[in-house]
Protein chains: 2
Amino acid sequence: MPNRSVFYVSDGTGITAETFGNSILAQFAAKPRHVRRPFIDSVEKADKLVSEINETFEQEGRRPIVFLTLANTEIRNVLTGPRCKAMVMDMLQAFIEPLEEEFGMKSNHRVGRFSDVAKSQEYSDRIEAINFSLAHDDGQSAKNLAMADVILVGVSRCGKTPTSLYLAMQHGIKAANYPLIPDDFERSQLPSALTAHKRKCFGLTIDPDRLCQIRNERRPGSKYAALENCRYEVNEAEAMMKRAGISWLSSTHKSIEEIATTILRDIRPDRLIY
Amino acid sequence: MPNRSVFYVSDGTGITAETFGNSILAQFAAKPRHVRRPFIDSVEKADKLVSEINETFEQEGRRPIVFLTLANTEIRNVLTGPRCKAMVMDMLQAFIEPLEEEFGMKSNHRVGRFSDVAKSQEYSDRIEAINFSLAHDDGQSAKNLAMADVILVGVSRCGKTPTSLYLAMQHGIKAANYPLIPDDFERSQLPSALTAHKRKCFGLTIDPDRLCQIRNERRPGSKYAALENCRYEVNEAEAMMKRAGISWLSSTHKSIEEIATTILRDIRPDRLIY
């Protein structure tokens with residue numbers, strides 16, 4: 001059982017504090033308890049939170065760590081003041097001052113609010129991309145592939161769907177995905193819907209043992225899930241992608257975040273700049 | 001045109017550097033050009049990147065800002081060394097040393113790698129949640145609603161689908177979504193599939209004008225999209241949720257990130273701690 005708590009505290013969603021805090025903590029062998037405290041947007045809420053933090057300190061005998069992104073000075077002071085018994089990592093403060101000097105302007109003391117984001121073009125593009133990716137999941141519709149930014153190809157259950165949705169949600173990329181199936185392998189030809197779009201295709205592959213495990217969860221004991229069949233499909237798919245000049249990546253030991261970033265870099269380097 | 005570039009540099013995906021950098025920059029009226037440079041995992045790549053940064057400095061006449069999450073000391077030194085003409089915000093460094101002292105242990109100089117994440121239970125849960133949310137999108141399947149962590153309800157096109165997918169992808173929450181349709185309003189009853197699960201229902205609503213706009217993009221000129229019909233549906237849906245004791249939120253000025261965090265806080269506060 002962990003005997004140390006980490007609090008992610010923000011006047012917004014706290015996603016920034018959490019993402020950053022997780023990166024830092026990954027550098028330590030410690031396994032603390034994580035507590036998210038979003039929307040701390042008043043002095044009252046901050047006061048109540050300090051009481052919670054101090055109670056945690058009493059219980060655990062070690063001071064909690066607080067990763068803080070709070071723009072309002074008055075609210076922030078409650079957390080950074082003497083009553084709070086935590087070790088506070090004030091993430092904005094550390095970088096705001098040097099940037100104020102560099103930019104020659106004062107900061108406006110607002111955290112990056114997702115509400116502002118919600119009204120932006122970038123946000124609409126993300127929502128549109130999600131709808132596109134859903135409508136073009138698993139080869140459902142081939143007719144708008146010309147509008148796709150990226151088309152993921154690979155055998156059934158190799159990770160195409162979550163990766164497409166992540167590309168859409170995080171990066172506003174219209175990511176279709178199209179399965180390679182036994183019929184294609186028998187014909188030894190890329191599905192005809194894809195031939196015009198080879199340059200924006202990206203392949204996913206997977207270790208056959210892992211694929212067998214995933215497919216057996218879905219259809220236990222089927223020919224579809226059998227290890228021999230998984231080996232056959234993966235081999236054929238890789239050979240087909242090689243012939244077509246489609247680059248690919250294995251999803252076995254990679255997360256959707258890593259796969260998506262690689263696809264962006266290799267297929268849409270323009271989208272690395274915005 | 002922006003005359004200042006911001007680089008997000010990492011030996012991993014760079015998502016941490018970017019999320020954090022965006023939060024900081026949101027505090028300034030500046031609109032810089034953003035450049036993502038992920039997977040900088042060798043001295044050679046770092047050298048090449050420093051040349052790119054220095055060329056950018058020449059062109060823009062202002063030193064670029066670099067948000068850096070690089071764990072390897074040798075590679076990091078290339079970016080923080082004297083050849084690099086950027087203002088470098090070394091994000092890990094600022095917090096690692098105080099934490100080493102607090103924990104009484106050395107850091108292991110590894111950035112939070114998503115590869116490690118990919119093997120974890122938490123990651124499998126996220127992928128499973130994505131599959132669940134897809135299979136339970138738009139009331140497609142009512143039979144496994146008992147297994148859902150959250151059920152989003154609301155009129156067609158109010159933002160249920162992207163929010164469910166985000167809850168699944170970011171938080172590993174099995175989020176089903178179920179539409180409220182004119183048939184339900186005529187009967188003045190919550191869909192029967194939902195009555196047993198009221199406590200995990202969360203409503204989304206939307207400004208009728210915005211709804212009309214969204215629906216007209218999909219089915220221009222239809223009765224479905226008409227403002228009068230949108231007003232009727234939204235009113236009826238809100239009245240129905242009120243009667244059923246389901247709390248709700250408007251998606252009109254909120255992002256999926258904010259809605260998802262609110263749902264977590266209100267419906268699954270247990271998931272704020274992990």
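Everything below is about the structure printed above this text.
So, here is what we can say about the structure in this document. Quick caveat, the model's predicted, so the values are computed rather than measured.

**As for the overall build of chain A**
Along chain A, the regular secondary structure elements total 12 helices and 8 strands. The globule rule puts the C-alpha radius of gyration for 274 residues at 19 Å, and the 24 Å found for chain A is more than 25% above it. Considering only C-alpha atoms, chain A reaches an extent of 75 × 45 × 30 Å along its principal axes. Looking at chain A residue by residue over its 274 residues, the buried ones come to 57%. Taking all contacts inside chain A whose residues are at least 6 apart in sequence as the whole, residues at least 24 apart take part in 70%. Split by element, the accessible area of chain A, about 12200 Å² in all, is 48% carbon and sulfur. In chain A, 37 side chains carry a positive charge and 36 a negative one; their mean positions are 3 Å apart.

**What to know about the sheet that holds strand 4 (residues 87-90) of chain B**
Residues and elements named next belong to chain B. If you walk across this open sheet you meet the 4 strands as 2-1-3-4, and the pairing is parallel. Either end of the sheet is taken by a strand with one partner, and the two such strands are strand 2 (33-37) and strand 4. Averaged over all neighbouring strand pairs, the angle between strand axes comes to 20°, with direction disregarded. Of the strand pairs in this sheet, strand 3 (residues 65-69) and strand 4 are connected by 4 bridges, and their pairing is parallel. Residue Phe67 lies in a different strand from strand 4, and its bridge partner there is Met89.

**Observations concerning the environment of Glu236 of chain A**
Residues and elements named next belong to chain A. Mapped onto the elements, Glu236 comes out in helix 11 (residues 227-244). Assessed through its relative accessible area of 25%, Glu236 is described here as partly exposed. Between the alpha carbons of Glu236 and Ala142 there is a distance of 22 Å; along the sequence they are 94 residues apart.

**Some details on the interface of chain A and chain B**
Taken together, the contact between chain A and chain B spans 82 residues of the former and 82 residues of the latter. When chain A packs against chain B, the two sides together hide about 7700 Å² of surface, and 65% of this comes from carbon and sulfur. Viewed at the interface, chain B and chain A are joined by 6 salt bridges. For Glu257 of chain B, the salt bridge goes to Arg126 of chain A, with nearest N and O atoms at 2.7 Å. Top element by residues in the side of chain A that touches chain B is helix 4 (residues 91-103) of chain A. It accounts for 10 residues.

**What to know about unusual backbone geometry**
Of note, the phi angle at Phe39 of chain A is positive, near 55°, even though the residue is not glycine. Structurally, Phe39 of chain A is set in the loop between strand 2 (33-37) and helix 2 (43-60). In this model, Ser188 of chain B sits at a positive phi of 55°, which is unusual for a non-glycine residue. Checked against the element boundaries, Ser188 of chain B lands in the loop between helix 8 (182-187) and helix 9 (192-195). Assessed through its relative accessible area of 41%, Ser188 of chain B is described here as partly exposed.

Each value, and the rule that gives it
- Note that residues are indexed from 1 along each chain, following the sequence as it is written.
- The order in which chains are written sets their letters, starting at A; the order in which ligands are written sets their numbers, starting at 1.
- This being a predicted model, a pLDDT of at least 70 is required before a residue's local features are given, and a value of 80 or more before pairs of side-chain atoms are given or counted; all residues contribute to the totals for chains, interfaces and linings.
- To get the side-chain values, all heavy atoms of the structure are used, and hydrogens and water are removed first.
- Helix and strand definitions follow DSSP, with helices as H or I runs of at least four residues and strands as E runs of at least two, each counted in order from the N terminus.
- Restricting the calculation to C-alpha atoms gives the radius of gyration, and the globule rule supplies 2.2 Å times the number of residues raised to the power 0.38.
- Relative accessibility under 20% of the residue-type maximum defines a buried residue, over 50% an exposed one, and the middle range a partly exposed one, all with a 1.4 Å probe and only protein chains included.
- Any two residues whose heavy atoms approach within 4.5 Å at even a single point are treated as in contact.
- The Shrake-Rupley method, run with a 1.4 Å probe sphere, supplies the accessible areas, and residue values consider only the shown protein chains as cover.
- Note on charges: Lys and Arg go in the positive column, Asp and Glu in the negative column, and His and the chain ends are not counted at all.
- Here the site of a charge means atom NZ of a Lys, CZ of an Arg, CG of an Asp or CD of a Glu.
- Paired strands, in this sense, are two strands between which DSSP finds at least two bridges.
- Lines fitted to the C-alpha atoms define the axes, with helices restricted to the stretch that makes contact. Angles between their N-to-C directions range from 0 to 180 degrees.
- Once two parts are joined, some of their accessible surface, as seen by a 1.4 Å probe, is lost; buried area is that loss totalled over both.
- What counts as a salt bridge is simple: a side-chain nitrogen of Lys or Arg found within 4 Å of a carboxyl oxygen of Asp or Glu.

Purely geometric numbers; function is a separate question.
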